[in-house]
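This is what each chain is made of:
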There are 2 protein chains.
Amino acid sequence: MIKLNENYLKLPGSYLFSTIAKKVSEFSQNNPDKKIIRLGIGDVTQPLCPAVISALHSAVDEMANADTFKGYAPDLGYEFLRKAMAENDFRSRGCDIADDEIFISDGAKSDSANIQEIFSADSKIAVCDPVYPVYVDSNVMAGRTGDYDTTSEVWSNVIYMPCLADNNFAPELPKETPDLIYLCFPNNPTGATITKSELQKWVDYANKNGAVIIYDAAYEAYISEDDVPHSIYECEGARTCAIELRSFSKNAGFTGLRLGATIIPHDLKTKDGVEVHKLWARRHGTKYNGAPYIVQKAGEACYSAEGKAQLKEQVAYYMKNASYIYNGLKNAGYTVSGGVNSPYIWLRTPDNMTSWEFFDYLLDKANVVGTPGSGFGPSGEHYFRLTAFGTYENTVEAVDRIAKL
Amino acid sequence: MIKLNENYLKLPGSYLFSTIAKKVSEFSQNNPDKKIIRLGIGDVTQPLCPAVISALHSAVDEMANADTFKGYAPDLGYEFLRKAMAENDFRSRGCDIADDEIFISDGAKSDSANIQEIFSADSKIAVCDPVYPVYVDSNVMAGRTGDYDTTSEVWSNVIYMPCLADNNFAPELPKETPDLIYLCFPNNPTGATITKSELQKWVDYANKNGAVIIYDAAYEAYISEDDVPHSIYECEGARTCAIELRSFSKNAGFTGLRLGATIIPHDLKTKDGVEVHKLWARRHGTKYNGAPYIVQKAGEACYSAEGKAQLKEQVAYYMKNASYIYNGLKNAGYTVSGGVNSPYIWLRTPDNMTSWEFFDYLLDKANVVGTPGSGFGPSGEHYFRLTAFGTYENTVEAVDRIAKL
């Protein structure tokens, strides 16, 4: 008999960004004359930088020649990329991470969805609320989250850590001890950050309670202030309690190229001494076949002197947008946060509108697409996310349209 | 407390091809003067064809320009590729498959490992024995396979369908009814094929018993004989019982580029009318972020007139190797099969050697790497797989070395 994974059927509605895409497409069909500006999904608009383009072309040429052609990639990723990451993203910041503790993948979305699989089915998860939906949905699919209450919009077996204005959008240590703690800083969706000493408290908590922190550092390139850690391994003791997720999507515009990495230190072990690293390696070897060679070469180019300089400019371009959104909306009377160490601006909806009401209002009146805060969890209700990933011209126009409403 | 997925710990040893890679690397270090020829892992050696290379370069150029830059791909893959596949691989063969029944992915390995996830945890699987290890291992990780008996090397809760010389390496309908049936034709590892009327029996059996067939068609490009189906959808009734997996790795040399597809017809439903398609779409939307645009453009190029002609030549190149291996070993007194509609040659080990004994013997005496049949399941014991994916020169040398032993 065809028996489905019933946990899938518990999921309310479709994936957030698929729903938005559908709504926008409908609006667009009904209003073909309107120029829609998309500041919703966190997708970049700037082309790949010249250093990356040049690396791609030359890697493609290698694939055209029998002597330099590359077939299956090594299980964990090419040594050249793991080394470049380990040196530039970790060791140069004083983080003790070895090349072989880095697993190259097709992106932080897949990794953040798959990482739960190597943990026990009865592991209890804790998430920030609001939160990137993939953390929760992937655990729903795995049957860890209990039942969904359609009124409160929470899962019965998930520890929610509310991030609201009164705690500066930073979670507090949970009372009930979780097995897995998902943290993302700079945060998606709120754009909030965490200081090194605050993050140290989480590392100490996890080590004390035997919890694993899954630390999503996808937005670290946007950090502009000192004392905001770029990696959890800047904290003492993180090697025994933390997994870190890295992405090339936002710092290098790889959303359509797909490249990421997961870091699992060998010191992360069960009390019986089994390395978590070993299970993830087994998963990679069995259920994945490596990121394309040409994309891994593109990733390597991000660490060349030329690539670094070009990407710095690209990040600055988006941060100029972030600043324009932040200031423009603030001046227009909105309550806004984020946007300083992050490409995301988090705003309070006006007139106590629900997040989806404001979504429809903005789409209809200003033809601007954003992301409803409630799509990220119940504490996101009455909030709204705008991204700085548009072009400067579109960003200015969108903010000016909103300000005029 | 750090609690791992205990199912992972049940897996004996490492992934087959990781073990082989390790053994070969050790031999190579101890014997730096020996020229090792690798006919083990099914990895291709011919460069990407000119049509694909040209598509890659022009797609890279698109990524360099803001007007043509592509970010996140559509959830299910780009329309241009789904259409090209649906038309060329299915509709042109009389298979009724719509564009939106095709899900583009990063390869058949990931898809064949992940597909089990959308089915119930208590689904019982049936596999050919020997079999591509990913089907079983991914179900072990999901906890479906019961316990492993180290003596018989079988899992207590898996239905094995032995494929041996006396049944022409073709499975027989199982007595106990499975929920999920994995079939792969042309077969990996045996190189055996199935006729359309034989496959029709499986489709009828699945429809009658409410089972789902997961049909791996990764090697269909190597079919040279008539009456061997290229797709399970050539059989009547397959739309209500079959999922098909497609790969670009073997027909177009994409092992290092990563591209594949899973086909799920809308007619594949539970008795309550829930479409299996819907769950896989949810998985794609939640846990995956699309194959790279440039790789999807490379995939499209495989369906151009130029691309088709070039790939036909590439397949012919490998099939010339297959023929040389088949005839060379047969003339040297080996019992061989496969190699006619498949790039794999399956041979009986001489002198009743175990598969791993023959692996070591061949590596040591002829410096040739193959794959031990027992690595694919207990019925693979005393068999050995050689692939036709080497260069012609290496293939000839390897066969001549083996023949002289």
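Predicted model, so just to flag it, every value in this text is computed and none were measured.

Between helix α3 (residues 50–63) of chain A and helix α3 (residues 50–63) of chain B, the shortest axis-to-axis distance is 10 Å and the interhelical angle comes to 175°. In this view, α3 of chain A runs roughly antiparallel relative to α3 of chain B, as classed from their interaxial angle. For the pair α3 of chain A and α3 of chain B, the contacting residues are Ile-53, Leu-56, His-57, Val-60, Asp-61 and Met-63 of chain A in the first and Ile-53, Leu-56, His-57, Val-60, Asp-61 and Met-63 of chain B in the second. Partitioning the contact of α3 of chain A with α3 of chain B into residue classes produces 8 nonpolar, 2 polar and 2 charged.

Oppositely charged side chains can pair when the atoms bearing their charge come close. All names here are of chain A. Within the structure shown, the criterion is met by 47 salt bridges over all chains. Lys-70 serves as the salt-bridge partner of Glu-62, at 3.4 Å between the closest nitrogen and oxygen. The buried category is assigned to Glu-62, whose relative accessible area is 19%. Glu-79 is the partner of Arg-82 in a salt bridge, and the nearest nitrogen-oxygen pair spans 3.6 Å. Of this pair, Arg-82 and Glu-79 both sit in helix α4 (residues 79–90), 3 residues apart, which is roughly one turn of that helix. For Glu-79, a relative accessible area of 43% translates into the label partly exposed. When salt bridges with common partners are traced through the structure, they connect Lys-83, Glu-87, Arg-91 and Asp-99 into a single cluster.

With that settled, the discussion passes to the sheet that holds strand β15 (residues 383–387) of chain A. All names here are of chain A. What the 4 strands build is an open sheet, ordered β11-β12-β15-β14; its pairing is antiparallel. Both edges of this open sheet fall to β11 (336–338) and β14 (371–372), since each of them pairs with a single strand only. Here β14 runs beside β15; their pairing, made up of 2 bridges, is antiparallel. Residue pairing in the sheet places Thr-371 in a bridge with Arg-385 of β15. Contacting β11, β12 (344–348) and β15, helix α11 (residues 305–331) runs over the sheet at an angle of about 160° to β11.

The subject of this paragraph is the pairing of strand β3 (residues 125–129) of chain A. Residue and element names in this part refer to chain A. Judged by how many residues are buried, β3 sits mostly within the fold: 5 of 5 residues are covered. The alternating pattern of β3 places Ile-125, Val-127 and Asp-129 and Ala-126 and Cys-128 on opposite faces, both of which are buried. Direction of pairing for β3 relative to strand β6 (residues 158–162): parallel, over a ladder of 5 bridges. The partner of Ala-126 across the bridge, within β6, is Ile-159. Two elements, β3 and strand β7 (residues 180–184), share 3 bridges in a ladder whose sense is parallel. If you follow Ile-125 over to β7, its bridge partner there is Leu-180.

It is worth spelling out the packing of aromatic side chains at this point. Residue and element names in this part refer to chain B. Applying the stated criterion across every chain yields a total of 47 aromatic pairs over all chains. Taken together, a centroid distance of 5.1 Å and an interplanar angle of 80° make the contact between Tyr-318 and Phe-389 edge-to-face. Of the two residues, Tyr-318 sits in helix α11 (residues 305–331) while Phe-389 sits in the loop between β15 (383–387) and α13 (392–404), which places them 71 residues apart along the sequence. As far as the burial class goes, Tyr-318 and Phe-389 line up, both buried. Between Phe-358 and Phe-384 the ring centres are 4.8 Å apart and the planes differ by 90°, which places this aromatic pair in the edge-to-face class. Remark: Phe-384 occurs in strand β15 and Phe-358 occurs in helix α12 (residues 355–366); sequence separation between them is 26 residues. Each member of the pair, Phe-358 as well as Phe-384, is classed as buried.

Once that is clear, we can look at the interface of chain A and chain B. Between chain A and chain B, the contact holds 80 residues from the first and 80 residues from the second. Contact with chain B buries surface across chain A, with Ile-2, Tyr-72 and Arg-282 of chain A losing the most and accounting together for 12% of the total. The interface formed by chain A and chain B holds 6 salt bridges in total. The closest approach of N and O atoms between Asp-179 of chain B and Lys-3 of chain A, which form a salt bridge, is 3.5 Å. At the junction of chain A with chain B, the criterion picks out 34 residue pairs in polar contact (both at pLDDT 80 or more).

Quick notes on the rules
Residues numbered from 1 in each chain as written. Chains lettered and ligands numbered in written order. Predicted model: local features only at pLDDT ≥ 70, side-chain atom pairs only at ≥ 80, totals over all residues. Heavy atoms only, no water. Axes fitted to C-alpha atoms, helices over the stretch in contact; angles between N-to-C directions. Helix = DSSP H or I, 4+ residues; strand = E, 2+ residues; numbered from the N terminus. Parallel < 35°, antiparallel > 145°, perpendicular 65-115°, else oblique. Contact = heavy atoms within 4.5 Å. Nonpolar A, V, L, I, M, F, W, Y, C, P; charged D, E, K, R; others polar. Salt bridge = Lys/Arg side-chain N within 4 Å of Asp/Glu carboxyl O. Buried < 20%, exposed > 50% of the residue type's maximum accessible area, 1.4 Å probe, protein only. Pairing = 2+ DSSP bridges. Phe/Tyr/Trp six-rings, centres within 6.5 Å; stacked < 30°, edge-to-face > 60°. Buried area = accessible area lost by both parts, 1.4 Å probe. Polar contact = N/O pair within 3.5 Å; in protein donor to acceptor, adjacent residues only side chain to side chain.

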